[in-house]
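# Results of the structural survey
As a plain string of letters, each chain reads:
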There are 2 protein chains.
Amino acid sequence: MTQASAPIDLSQLRRSCRACGLLELCLPAGIDQAELERLDSSVRDKRTLESGGMLFRQGDPFHALYVVRSGTLKTVVQDADGAQQVLGFHLPGEIVGVDALAHDAHQSSAEVLERSSICELPYSRLEELTAQIPGLQRQLLRIVSREMVAEQSHVVTMGRQQAQERLAIFLRSLSERYGRLARDTTHLILPMSRYDIANYLGVVVETVSRLFTRMEDLGVLRVSRKVIHILRPDLLGEMCGAGGARERAGRAS
Amino acid sequence: MTQASAPIDLSQLRRSCRACGLLELCLPAGIDQAELERLDSSVRDKRTLESGGMLFRQGDPFHALYVVRSGTLKTVVQDADGAQQVLGFHLPGEIVGVDALAHDAHQSSAEVLERSSICELPYSRLEELTAQIPGLQRQLLRIVSREMVAEQSHVVTMGRQQAQERLAIFLRSLSERYGRLARDTTHLILPMSRYDIANYLGVVVETVSRLFTRMEDLGVLRVSRKVIHILRPDLLGEMCGAGGARERAGRAS
DNA sequence: CCGCGGAACTGATCCAGATCAATTGGCCGC
DNA sequence: GCGGCCAATTGATCTGGATCAGTTCCGCGG
């Protein structure tokens, strides 16, 4: 791993990260202060989208990556018939749009779930920067690889987990990711509908609803519309692993 | 996309690609003849593994990417309990190991399904090369992005498709991918077990077996152990899309 | 040639979760 | 406050595919 030679003021840096998540993403690339500022100034192209707005649509030509500054997005693919599958939710600090790198066109659509502020990183600009900052190129590769691993986890969840485990895993993941933004990881605000959650997990709304009720009955959490209060993170954790549940689907090989 | 200024002898190139799939992967990067030869000479580190052998295991430190020259691999993740999920199968010309880029350790294991010849591309070497060949870096990014999109399709399959559609999609995908290797796309040889197929698709072996039988009864294909003869590619195609089947899982939003 | 062992196939039953059908609860405009 | 609307919840029933329990097929060693 390359490491910046110049010492970096981390706390000040994180403040600017809060302002534009790309920096957060590039931090491990070993970029020094001056380069960071150059970077920062090149991505000031922010915009605000209202709930329901589309950041990009499946098929749109690729010209930029995006970082969520505030708010939440979902990415969705539309298959042959009209049906759609939610691929993921994107919280502040997370990157969106890497699906377009391979084919020069977006393979999914990104929809805004609540008023959101987005940083746009034109890819041409990014290419200029990577020519100058070798660490950035590598970091970009890491980011895409991380996205791929995230999709793989999603596959594992869909392929091997029961409905209840899926929901537990989803909530735990959200909790962990919100942890970067707030100190309290036990109060989750869900900006997405039950339909989105269900679709993301590959079950129907009714199932999600019933599972929330069941978890509430078990004393694991407390639900009130968009707000989830996790009472027993330990129990939630147990519900993620195959806690005594018998296995679905076949062993391999 | 960038195009090599020097004209390239494509057919000769593909022959060398046959010798080492990396070239195939790098072709679109716009690399000229001399650079390709340099590249080729730096990846002559081939090795042969027997069926059942492991190319790498989950948790292994990352030091190289791999290209399948001949044979087939599967990649697999092991979750908390012993259960495993097959993430994918890798045919000649395909790249393996990009899951390790993000975390400097492999997130999955790669197992050889039949005697296979593998090209090892040490990442340190690759970094040297990318410093000299800007197009290669970009191509690498594209490859990882493409892998991510492939995982996303897998998610869609698992999340929204019935068992029969999943199998049809799997067979069609195999057929298309074998198409790069052989002219006849109607005869498939499946190097993986029924267990592997079932696990990959998120169903149990019995279901796969019954589906093969059903498809044979429908006259779509002919099965004999490891060999699948597709009689009606058109029907197979229909079985992929939601051909009249009613939808599973909820609409989003 | 026979007997063994593992993969593949088939049949009978069961159940998690889908589907269908209301009901409840908030929120907003009037 | 009242009525309309839509998200969320709950209940009753149905079903695709899992599970359980064999049986068949094929390769291989003796």
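Refer to the structure above for everything that follows.
The numbering scheme is per chain: residues are counted from 1 as the chain's sequence reads. The naming scheme follows written order: chains are lettered A onward, ligands numbered 1 onward. Selection of residues for local features in this predicted model requires a pLDDT of at least 70, selection of side-chain atom pairs for listing and counting requires 80 or more, and totals for whole chains, interfaces and linings are taken over all residues. Water and hydrogen atoms were dropped before computing side-chain values, which therefore reflect all heavy atoms in the structure.

### Let's talk about helix 5 (residues 134–160) of chain A
For helices the rule is a DSSP run of H or I covering at least 4 residues; for strands it is a run of E covering at least 2, with both sets numbered from the N terminus onward. Any helix carries an expected span of 1.5 Å times its number of residues minus one. With 27 residues, helix 5 of chain A extends 40 Å from end C-alpha to end C-alpha; this agrees with the ideal 39 Å at 1.5 Å per step. Only protein chains enter the calculation, and the probe is 1.4 Å; a residue is then buried if its accessible area is under 20% of its type maximum, exposed if over 50%, and partly exposed in between. Summarising burial for helix 5 of chain A: 23 of the 27 residues are buried, a large majority.

### Some points on helix 9 (residues 233–240) of chain A
The set of residues buried in helix 9 of chain A consists of A:L236, A:M239 and A:C240. One face of helix 9 of chain A carries all of its buried residues, which in axial projection span an arc of 105 degrees. Read the arc as the range of directions from the helix axis to the C-beta atoms.

### Side note on the interface of chain A and chain B
Throughout, a residue-residue contact means that at least one pair of heavy atoms, one from each residue, lies within 4.5 Å. The interface of chain A with chain B comprises 56 residues on the first partner and 56 residues on the second. For any pair of parts, buried area is found by adding up, for both, the accessible area (1.4 Å probe) each one loses once the two are put together. Both faces considered, chain A and chain B share a buried interface measuring about 4,900 Å² in area, 61% of it formed by carbon and sulfur atoms. A per-residue breakdown of the area chain A buries against chain B is headed by A:L141, A:M148 and A:V155, which together make up 13% of the total. We define a salt bridge as a contact between a side-chain nitrogen of Lys or Arg and a carboxyl oxygen of Asp or Glu at a distance within 4 Å. Linking chain A with chain B are six salt bridges. For A:R142, the salt bridge is made with B:D104, and the minimal N-O distance between the two is 2.6 Å. Polar contacts, as counted here, are pairs of nitrogen or oxygen atoms within 3.5 Å of one another; within protein the pair requires one atom able to donate a hydrogen and one able to accept it, and residues that are adjacent in sequence qualify only if both atoms are side-chain atoms. Here chain A and chain B share 14 residue pairs in polar contact (both at pLDDT 80 or more) between them. When contributions to the side of chain A that touches chain B are tallied by element, the ones reaching two or more residues are strand 3 (64–78), strand 4 (84–90), helix 4 (123–132), helix 5 and helix 7 (194–201) of chain A. Ranked by the residues each element gives to the side of chain A that touches chain B, the list is headed by helix 5 of chain A, at 19 residues. Nonpolar residues are Ala, Val, Leu, Ile, Met, Phe, Trp, Tyr, Cys and Pro. Charged residues are Asp, Glu, Lys and Arg, and all others, Gly as well, are polar. Of the residues contributing to the side of chain A that touches chain B, the split by class is 24 nonpolar, 15 polar and 17 charged.

### Focus on the environment of B:R47
All names here are of chain B. The topology assignment puts R47 in strand 1 (residues 46–49). By relative accessible area, R47 is classed as partly exposed at 31%. When the C-alpha positions of R47 and S116 are compared, they lie 8.3 Å apart, and in sequence the two are 69 residues distant. Here the side chain of R47 touches E120 through a polar contact of 3.1 Å, side chain to side chain.

### Description of the relation of the copies chain A and chain B
The superposition of copies rests on a least-squares fit of C-alpha positions from residues with pLDDT of 70 or more in both. When chain A is fitted onto chain B, the two copies agree to an RMSD of 0.0 Å after a turn of 180 degrees and an axial shift of 0.0 Å. Both chain copies can therefore be described as sitting about a two-fold axis. Among all C-alpha atoms of chain A, that of A:M148 lies closest to the rotation axis, at 2.2 Å. A share of 100% of the interface residues of chain A reappears at the interface of chain B, consistent with the copies meeting face to face through the same patch.

### A short note on the nonpolar core
Among the buried residues, those of types Ala, Val, Leu, Ile, Met, Phe, Trp, Tyr and Cys that are joined through side-chain atoms within 4.5 Å form a nonpolar core. Counting 40 residues, the largest nonpolar core has A:L65 and B:L65 as its most contacted members. For this core, the elements supplying multiple residues, two or more each, are strand 3, strand 6 (109–122), helix 4 and helix 5 of chain A together with strand 3 (64–78), strand 6 (109–122), helix 4 (123–132) and helix 5 (134–160) of chain B. What B:L65 contacts, discounting residues up to four positions off in sequence, is B:I95, B:V96, B:G97, B:V98, B:C119, B:E120, B:L121, B:L126 and B:L140.

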